[in-house]
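Secondary and tertiary structure notes
In case you want the letters, here they are:
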Amino acid sequence: MDFIFQGFQSTLPVWLYLLIFAACSFFAWWSYSSITGIRKLYRYLLIGLRSSVFFILLALLLNPFFKKETSYFTEPNILVMLDNSASTAIEKRNYQGVKSYQKVLEELNFRDSSTVNFDFFSIGGEPKSISIDELTFNADQTNLSQTVELIKTNSGRAKAAIIISDGIYTEGENPVFEASGIDIPVFTIGLGDTTSQKDVLVESITTNPNGYLNSRHAVEVTVSSKGFRGESFPLQLQKGDEIIMTKTVTPKILNSTQTITFELPLEEEGLQQFKTVIPELLDEWTTKNNVQHFAVNVRDARQQVLSIAFEIHPDVGFIRSLLLHDRRIHLTSRTWLNGNRFIEGTLAFNPDTVDLAIIHGYPSSGLPADVQKAITELAKNVPLIVAATPKFNPRNFESEVSSLPVNASSFWQYSPVSLQAEADTHPILELPTANFEQMPRIFAPIQNLSLAPGAEAIFSSVFQGQPASKPVLAVQQIGNKRAAIFTGYGWFQLGQSPDKQLREFVTRLWLNAVSWTATDPDDQKLEVQPAQTSFSETEPVVVNAYLKNERGEVESQANISISVSSDSMDTKFYSMENLGAGEYQLNLGTLPEGLYSFKAVAKKENRALGTQSGEFAVASSNAEFVNTERNAQLLRQLAQRTGGFYLPFDSLSGFWNQLNEQSILDQTKEIETTFWYPYQHLFWFILVVVLLSVEWIFRKYLSLP
């Protein structure tokens, strides 16, 4: 330990302090120079004591400071990156999986940290700090590029890094490209085996994660084989244990890669889990890579339309015929006879299963209470199109069922009218051009009719060449529910016209009206989305939510509770984390394989803002078993680009000697520097008091005043 004088820290010049000290010393001499009767020795002793006090105080005012340097030696710090992926546990020829891996760790003797400090990190989906005892050898992904980034981040506090891995990465970029930015040597130790075994595997699956009910869904499966040239084997597409279809694969070369396409029939709605399977083959090295899972979120793209006719009229048959021939629509028809009798069956429907109800006419009397109640329930909860018929009673409909986009002040009398477009732009108006003057007339009211508040006229009537300005087609949107009314009838005549353009016009008009009215205007306040439709068993399941309030503004002061359940797990309840700006998140951690359903409820001050349900899947991953050959070239390049070297797992003798020859294991001399300021220490002030006390004692001893 060395003390080195560094100077003074004072605002006044040194010469001024010397002048003050000289003046103080003169004052001390003058104070005792006139005293007689004492020996000179005592006089000079008293002068010296007082002058010493002045000197110490002035020296402290000069604020001198010293640098204290302490030298010590530290052990080198080395980063150790341990591959924790499932591929490191594969037994292959001389490499005995976990047993060989643990033998490598024992031979390197990482537990002895007397001469070296080790920082251990796992290699998997994302590197993290661990201990050797925490290795599980089951990570389903390997990201070596993130490992390189971690070495870069920590290189300032380490002399070297050791990567113990098979060099097989399943996600991220090639780490070799980023290795040049590392300023410490990286030493790589290769696990696994480099030989190729006789094997077949499902390498990858390419498909759209979303599909539509009752459609054929394309699934492309890439199959690789090694050593099975000319030998045919089956590739099965399964749902659970059920084999949906099978195709035969015949490799034409020794190392073959083929893409097989399946047309998967989607017959059930919701999130469906499937898998592609290659049954175990004779002499096959492993079957762990013979299966790969995928999921398809199957939605019913068809709009569920319920057509209820209270009057038999050609318009009813014409409109139903249009809907039946549209593949996007699933039509259910009910035609009233009398009482509770309908031709096609009973009128018993859950409003949640209907996207749109079309009501043709409405009687003035004779409708039973239970039928009226069912119609009212549909009109209340389901988007609605009302199509007028000759005997349609709008006032009865409004009083017994629901309000309309138009107001009827009295009974309607129908007159032949032509059409006139009223709206400038509307999705329904995306129609072929048509000559309204030459088309057959529609029978619509020109009196006792007006638009309801908030409604919009799409087409109005023209009577005898003059605009009657009465709506023939009017639409209305209240909240997230839409409604439309055709106040006229006779549309079938347009459909029977010899003019193709006119037929296309009326077809498009009705289909556009049906599509627009049935479509949810997306007024949903709560949107909950899993980060992906299918997770692996070793990656965390993350669910995101986005919330807005009734005014359409993002809502950040709400609570979102979510329940999660599956066939193998009881329902569990969670509260989502509020991330701000209307965003919420829930991390469920890892879950076992299965199909999970969830229901989220958003509340603010006991006020429900929205609910949403959904599903996600958790499946096993075989990414670590697709490629099982040690990538020695990658590990060698990674080491060479950073000034290190590569060794296979069975050639580690002399490893530490080689590091010692490169001075990696040398202790580092560290110098700790601190600054010492005398005024910060009590000793000097105690010394001043002691000197003044000694002077006082001598004065009393000499009987001086």
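The preceding data block contains the structure.
Notes on the structure in this doc start here. Because the structure is predicted, anything quoted here is derived from the model rather than measured.

**Side note on the overall build of the chain**
Helix and strand counts for the chain come out as 12 helices and 40 strands. Looking at the chain alone, contacts between residues at least 24 apart form 73% of all its contacts between residues at least 6 apart. Carbon and sulfur atoms provide 49% of the accessible area of the chain, an area that totals close to 35,800 Å².

**A look at a nonpolar patch on the surface**
On the surface, a cluster of nonpolar side chains totalling about 390 Å² of accessible area is made up of Phe5, Phe8, Val14 and Leu18. Elements represented by at least two residues in the nonpolar patch include exactly strand S1 (2–8) and helix H1 (14–33). By secondary structure assignment, the location of Val14 is in helix H1.

**Structural notes on helix H5 (residues 314–324)**
For H5, the set of buried residues is Asp315, Val316, Phe318, Ile319, Arg320, Leu322 and Leu323. Those residues of H5 hidden inside the fold are in contact with strand S18 (303–309), strand S19 (329–338), strand S21 (356–360), helix H8 (491–495) and helix H9 (500–518).

**Observations regarding the sheet that holds strand S39 (residues 646–648)**
A sheet is described by the order of its strands in space; here six strands give the open sequence S7-S6-S3-S8-S9-S39, paired in mixed fashion. At either end of the open sheet lies a strand with only one pairing partner, and these are strand S7 (128–129) and S39.

**Focus on the packing of aromatic side chains**
As enumerated under the stated definition, the model contains 35 aromatic pairs in all. Ring-pair connections join several aromatic residues into one group, and the members of that group are Phe310, Trp336, Phe342, Tyr362, Phe392, Phe397, Trp412, Tyr414, Phe443 and Tyr489. Over the face of the ring belonging to Phe262 we find Lys247, whose NZ or CZ atom lies 5.4 Å from the ring centre.

**Remarks on the packing of H1 against helix H2 (residues 40–62)**
Where H1 contacts H2, the two axes come as close as 9 Å, and the packing angle between them is 160°. Compared by their axis directions, H1 and H2 come out roughly antiparallel. Seen from above, H1 lies across H2 with right-handed handedness. Listed contacts from H2 to Val14, Tyr17, Ile20, Phe21, Cys24, Ser25, Phe27, Ala28, Trp29, Ser31, Tyr32 and Ser33 of H1 are Arg43, Leu46, Ile47, Arg50, Ser51, Phe54, Phe55, Leu58, Leu61 and Leu62.

**Brief notes about the sheet that holds strand S36 (residues 583–587)**
In spatial order, the strands read S30-S32-S36-S35; together these four strands make up an open sheet with antiparallel pairing. The open sheet has two edge strands, strand S30 (526–530) and strand S35 (577–580), and neither has a second partner. On average, each strand axis in the sheet is tilted by 25° relative to the strand beside it, whichever way the strands run. Bridge count for strand S32 (residues 542–547) against S36 is five bridges, and the pairing is antiparallel. The partner of Val542 across the bridge, within S36, is Asn587.

Parameters and conventions
- Residues numbered from 1 in each chain as written.
- Predicted model: local features only at pLDDT ≥ 70, side-chain atom pairs only at ≥ 80, totals over all residues.
- Heavy atoms only, no water.
- Helix = DSSP H or I, 4+ residues; strand = E, 2+ residues; numbered from the N terminus.
- Contact = heavy atoms within 4.5 Å.
- Areas by Shrake-Rupley, 256 points an atom, 1.4 Å probe, with all protein chains shown as cover.
- Patch = residues over 30% accessible without salt bridge, like charges linked within 9 Å, V, L, I, M, F, W, Y side chains within 5 Å.
- Salt bridge = Lys/Arg side-chain N within 4 Å of Asp/Glu carboxyl O.
- Buried < 20%, exposed > 50% of the residue type's maximum accessible area, 1.4 Å probe, protein only.
- Pairing = 2+ DSSP bridges.
- Phe/Tyr/Trp six-rings, centres within 6.5 Å; stacked < 30°, edge-to-face > 60°.
- Lys NZ or Arg CZ within 6 Å of the ring centre and 35° of its normal.
- Axes fitted to C-alpha atoms, helices over the stretch in contact; angles between N-to-C directions.
- Parallel < 35°, antiparallel > 145°, perpendicular 65-115°, else oblique.
- Left-handed = near helix turned anticlockwise from the far one by under 90°.

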